[in-house]
Amino acid sequence: MVGLSVGEKHFIKGGIEQNLRTDGRKRYTYRPIYVETAVIPQANGSARVKFGATEVIASVKAELGKPSPSYPDKGKVLIHVDCSPTAEPAFEGRGGEELSSELSVALQRCLLGGKSGAGAGIDLSSLSIVEGKICWDLYIEGLVVSSDGNLLDALAAAIKASLSNTALPKVQVSSAASDEQPEVDLSDEEFLQFDTCGIPAIVTLTKVGKHYILDATSEEESQMSSAVSVSVNRQGRICGLTKRGGAGLNPSVIHDMISVAKHLSEQVINKLDSEIAAAEAREEDVP
Amino acid sequence: MEYVNPEGLRLDGRRPLEMRQLRAEIGVVSRADGSAVFEMGNTKVIAAVYGPREVQNKSQQINDQAVVRCEYSMANFSTGDRMRKPKHDRRSTEISLVIRQTMEACILTHLMPRSQIDIFVQVLQADGGTRSACINAATLALADAGIPMRDLVTSCAAGYLNSTPLLDLNYVEDSAGGPDVTVGILPKLDKVTLLQMDAKLPMDTFETVMQLAIEGCKAVANYIRELLLENTKQLEFRRGV
């Protein structure tokens, strides 16, 4: 909950109009991004991402499961987000549930594509081990520790970082009769890394007044009319789209927002990749 | 199972009277009034304090003192095996209550009438002793928020396995079924504010185990005091005093 006076609201809106926001940024600048990997030792992969005062943790746990009958050659990925009350007293009790589901569904839509897994950032067929019998189930858990706006972009970045930190043990399948459940043997030494270059980044443009801004803080978000989150991959393809906020948008404005988001995504993906690489290098330095 | 080997070492290589590595950091949630991370070995919790502020639910308002509220939650990834737990199970409600009562005992609530203090603790990694870690984190967060307190409450657990008193149990030792004594003290006033034990223990052994837990609490108190002093010095330096 953000309590702002009339003057403060005016100041935020006026700043955005003049391309100088309250924290000194321009409309299309991100706050400093900080990435730390391998923060949760129990998980297969994890990462903590900070966008200014927004802080989220994502973890990936992999379990062996059975593929769903309709897609026997694909693994399963589940994304779930929790909003901790440490981030905002309003998330206490069941208060955070609505936002949690909104974020979970938006992430699922933007990162995993449709039901069949077509257009997913993660190649679901790479999770299959024995077709129709065994596959990897990835459980991706997000946790919002501190919230200062732009949670969706931060969560997507954290998920990407945690997936690039994920190591799946190599699986040896002993050949069994075709109708039996095959036995598997997990290797303790050999691990497979994920290819994360296909994972899209989410770019959220928040519309305040006539202009849109990137990486809005919660004060700015309280003044928004609507926000469009576009997930764009490295090839510049749009993988998912969500619009939030009550006000209606002109279709031409949406087109413009998408093209701006697409244009900005390249710089975001590069920035994020270099931060993830830096975090992994740091982790290797400290044994 | 052997929890203390003949050389006198525990499963994680500690001596029976040795604590796990402590690590804490103040001011980790920038939007909260006070916050801290507290780690005891692999157990890691975040605490955030909001307040003193206006009472949200007017019917809870007390006219001559502040309302202290606490919520304990565990992250889905905090335990070894992945489980989707309902958010308000009995265990977390009980721990919320324990933390609230312990903190209420040390906050000078009468100085802040008609206001509310919220303490939120979030477990990031659970490896035994979450109760203690939560209380220690909450103390640090309250101190960071500048809330007046009688003393710094600190907490530590001790157990008794293989006829050896053990300090600061980890998850494996905790689930061994032996007694687990969790103690919370006000170190300067030398008072016990929290005492919980399960399983059974002979009277005289209980005394040694409890004494051990109290020693643990004092060690935590020393660490917290040093950390707060360091933090205050930094704040002073930044203000240019």
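- You'll find chain B entered in an unreviewed UniProt entry as Exosome complex component RRP41 homolog, with Cinchona calisaya given as the organism.
- According to the UniProt record, the Sequence similarities (unreviewed entry) comment for chain B reads "Belongs to the RNase PH family."

- An unreviewed UniProt entry lists chain A under the name Ribosomal RNA-processing protein 42, with Cinchona calisaya given as the organism.
- Checking UniProt for chain A, the heading Sequence similarities (unreviewed entry) contains the comment "Belongs to the RNase PH family."

Comments concerning the UniProt feature "domain: Exoribonuclease phosphorolytic" (unreviewed entry) in chain A
Here is step 1: The feature "domain: Exoribonuclease phosphorolytic" (unreviewed entry), as annotated in UniProt, sits at residues 30-169 and 198-262 of chain A in this numbering.
Here is step 2: The span residues 198-262 of chain A is 25% helix and 40% strand, and its two end C-alpha atoms sit 15 Å from each other.

Overview of the pairing of strand E6 (residues 154-161) of chain B
All names here are of chain B.
Here is step 1: Burial runs high along E6: seven of the eight residues are buried.
Here is step 2: Two strands pair when backbone bridges link them, and E6 and strand E7 (residues 164-167) are joined in this way by four bridges, in the antiparallel orientation. Bridging across to E7, Gly159 finds its partner in Leu166.
Here is step 3: Remark: two residues form the turn of the hairpin made by E6 and E7, two consecutive strands paired antiparallel; Asn162 in that turn has positive phi of roughly 50 degrees.

So, the packing of aromatic side chains
Residue and element names in this part refer to chain A.
Here is step 1: Counting across every chain of the model gives two aromatic pairs over all chains.
Here is step 2: Taking the centre distance of 5.6 Å and the plane angle of 90 degrees together, the rings of Tyr30 and Phe51 count as edge-to-face. Here Phe51 lies in strand E2 (residues 45-51) and Tyr30 lies in the loop between helix H1 (6-17) and strand E1 (33-37), a separation of 21 residues in the sequence.

Thoughts on the sheet that holds strand E10 (residues 211-214) of chain A
All names here are of chain A.
Here is step 1: The four strands lie next to each other as E10-E9-E11-E12, forming an open sheet whose pairing is antiparallel. Pairing within the sheet leaves two strands with one partner each, and these edge strands are E10 and strand E12 (238-244). Across this sheet, the average inter-strand angle for adjacent strands is 25 degrees, counted without regard to direction.
Here is step 2: As paired strands, strand E11 (residues 226-232) and E12 are joined by six bridges and run antiparallel to one another. Within E12, the residue paired with Val232 across the bridge is Ile238.
Here is step 3: The sheet contacts of helix H2 (residues 97-112) involve strand E9 (201-208), E11 and E12, and relative to E12 the element is tilted by about 155 degrees.
Here is step 4: Packing of helix H3 (residues 151-165) onto the sheet brings it into contact with E9 and E11, and relative to E9 it is tilted by some 170 degrees.

Some points on the sheet that holds strand E5 (residues 115-125) of chain B
Residue and element names in this part refer to chain B.
Here is step 1: Strands sit in the order E1-E2-E3-E5-E4 across an open sheet of five strands; the sheet is mixed. Sheet topology places strand E1 (22-26) and strand E4 (67-74) at the edges, where each strand pairs with a single neighbour. Neighbouring strand axes in the sheet, compared pairwise and without regard to direction, differ in orientation by 15 degrees on average.
Here is step 2: In this sheet, E5 lies alongside E4 in parallel orientation, the contact comprising eight bridges. Bridging from a neighbouring strand, Val67 pairs with Gln116 of E5.
Here is step 3: Here helix H1 (residues 90-106) sits on the sheet and contacts E4 and E5; the angle it forms with E4, its principal contact strand, is near 140 degrees.
Here is step 4: Helix-sheet contacts for helix H4 (residues 203-239) involve E1 and strand E2 (34-40), and the interaxial angle to E1 is about 35 degrees.

Some words on the packing of H2 of chain A against H3 of chain A
All names here are of chain A.
Here is step 1: It is the contact of H2 with H3, at a shortest axis distance of 10 Å, that shows an interaxial angle of 55 degrees. Classed by the angle they form, the pair H2 and H3 counts as oblique. As H2 packs across H3, the resulting crossing turns out to be right-handed. Between H2 and H3, the contacting residues are Leu99, Leu103, Ala106, Leu107 and Leu111 on the first element and Leu151, Leu152, Leu155, Ala156 and Ile159 on the second.

Details of a nonpolar patch on the surface
Residue and element names in this part refer to chain A.
Here is step 1: On the surface, Leu64, Val173, Val184 and Leu186 cluster together into a nonpolar patch covering about 260 Å² of accessible area.
Here is step 2: Within the secondary structure layout, Leu186 lies in strand E8 (residues 183-193).
Here is step 3: By relative accessible area, Leu186 is classed as partly exposed at 39%.

Some thoughts on the interface of chain B and chain A
Here is step 1: The partner chain A presents 33 residues to the 27 residues of chain B that form the contact.
Here is step 2: On inspection of chain B and its partner chain A, the count reaches two salt bridges.
Here is step 3: Salt-bridge contacts for Arg31 of chain B lead to Asp148 of chain A; the nearest nitrogen and oxygen are separated by 3.1 Å.
Here is step 4: With five residues, strand E3 (residues 43-54) of chain B is the largest single contributor of residues to the side of chain B that touches chain A.
Here is step 5: A breakdown of the residues in the side of chain B that touches chain A according to their chemical character gives 10 nonpolar, nine polar and eight charged.

Some thoughts on the packing of helix H2 (residues 130-144) of chain B against H4 of chain B
Residues and elements named next belong to chain B.
Here is step 1: Relative to each other, H2 and H4 sit at 25 degrees, their axes nearing to 11 Å. The angle between H2 and H4 places the two elements in the roughly parallel class. For the pair H2 and H4, the sense of crossing is right-handed. Residues Asn136, Leu140, Ala143 and Asp144 of H2 form the contact with H4, whose own contacting residues are Val220, Ile224, Leu227, Leu228 and Asn231.
Here is step 2: Considering only residue class, the contact of H2 with H4 consists of six nonpolar, two polar and one charged.

A short note on the nonpolar core
Here is step 1: If you look at the biggest cluster of nonpolar residues, it comprises 63 residues, and the most contacted ones within it are Leu107, Leu138 and Leu163 of chain A.
Here is step 2: What Leu107 of chain A contacts, discounting residues up to four positions off in sequence, is Ile79, Val81, Leu112, Leu152, Leu155, Ala156, Ile159 and Ile202 of chain A.
Here is step 3: Membership of the second largest hydrophobic core comes to 59 residues, among which are Tyr72, Ile119, Ala133 and Ala137 of chain B.

Describing the side chain of Arg31 of chain A
Residue and element names in this part refer to chain A.
Here is step 1: Mapping Arg31 onto the fold places it in the loop between H1 and E1.
Here is step 2: Using a relative accessible area of 5% as the deciding quantity, one classes Arg31 as buried.
Here is step 3: Of note is the side chain of Arg31, whose polar atom sits 3.5 Å from the backbone oxygen of Gly149.
Here is step 4: When sequence neighbours within four positions are dropped, the list of residues in contact with Arg31 reads Asp23, Arg25, Phe51, Gly52, Ala53, Thr54, Asp148, Gly149, Asn150, Asp215, Ala216 and Thr217.

Considerations on the environment of Glu183 of chain A
All names here are of chain A.
Here is step 1: Secondary-structure assignment places Glu183 in strand E8.
Here is step 2: Look at Glu183 and you get exposed, because its relative accessible area is 59%.
Here is step 3: Along the backbone, Glu183 and Ile134 are 49 residues apart, and their C-alpha atoms lie at a distance of 9.6 Å.
Here is step 4: When neighbours within four sequence positions are excluded, Glu183 is seen to be in contact with Gln172, Val173 and Ser174.

What counts and what doesn't
For every chain, the first residue of the written sequence is number 1, and numbering continues from 1 onward in sequence order. All chains are assigned letters beginning at A, and all ligands numbers beginning at 1, according to the order in which they are written. Note on the predicted model: pLDDT of at least 70 is required for a residue's local features to be given, and 80 or more for side-chain atom pairs to be given and counted; whole-chain, interface and lining totals, by contrast, use all residues. The side-chain figures draw on all heavy atoms in the structure; neither hydrogens nor water molecules are used. UniProt positions are given in the numbering used here, feature names are shortened, and annotations may be inferred rather than shown by experiment. Going along the chain from the N terminus, every DSSP run of H or I of four or more residues is numbered as a helix, and every run of E of two or more is numbered as a strand. Burial here depends on accessible area, computed with a 1.4 Å probe over protein chains only, as a share of the maximum for the residue type. Under 20% is buried, over 50% is exposed, and the range in between is partly exposed. Only strands that DSSP links by at least two bridges are regarded as paired with each other. Stacked, tilted and edge-to-face are the three classes applied to pairs of Phe, Tyr and Trp rings, where Trp contributes its six-membered ring and a pair requires centres within 6.5 Å; stacked means planes under 30 degrees apart, edge-to-face means over 60, and tilted covers the rest. Every axis corresponds to a line fitted to the C-alpha atoms, with the helix fit spanning only the stretch in contact, and the corresponding angles, defined between N-to-C directions, vary from 0 to 180 degrees. Two residues qualify as a contact provided that any one of their heavy atoms is within 4.5 Å of a heavy atom in the partner residue. Any angle that is under 35 degrees is reported as roughly parallel, and any over 145 degrees as roughly antiparallel; angles of 65 to 115 degrees are reported as roughly perpendicular and all others as oblique. Working rule for handedness: look at the near helix, and if it is turned counterclockwise from the far one by less than a right angle, call the crossing left-handed; if clockwise, right-handed. Each patch is assembled from residues with relative accessible area greater than 30% and no salt bridge, linking like charges that lie within 9 Å and nonpolar side chains (Val, Leu, Ile, Met, Phe, Trp, Tyr) that lie within 5 Å. Surface accessibility in these figures is a Shrake-Rupley result with a 1.4 Å probe; residues are shielded only by whichever protein chains are displayed. The term salt bridge refers to a side-chain nitrogen of Lys or Arg lying within 4 Å of a carboxyl oxygen of Asp or Glu. Following the grouping adopted for this structure description, the nonpolar residues are Ala, Val, Leu, Ile, Met, Phe, Trp, Tyr, Cys and Pro, the charged ones are Asp, Glu, Lys and Arg, and the polar ones are all others, Gly among them. By convention a nonpolar core is built from buried Ala, Val, Leu, Ile, Met, Phe, Trp, Tyr and Cys residues, the set being connected through side-chain atoms within 4.5 Å. Pairs of N or O atoms are called polar contacts if they sit within 3.5 Å, as long as, within protein, a hydrogen donor faces a hydrogen acceptor (for residues adjacent in sequence, only side-chain-to-side-chain pairs).

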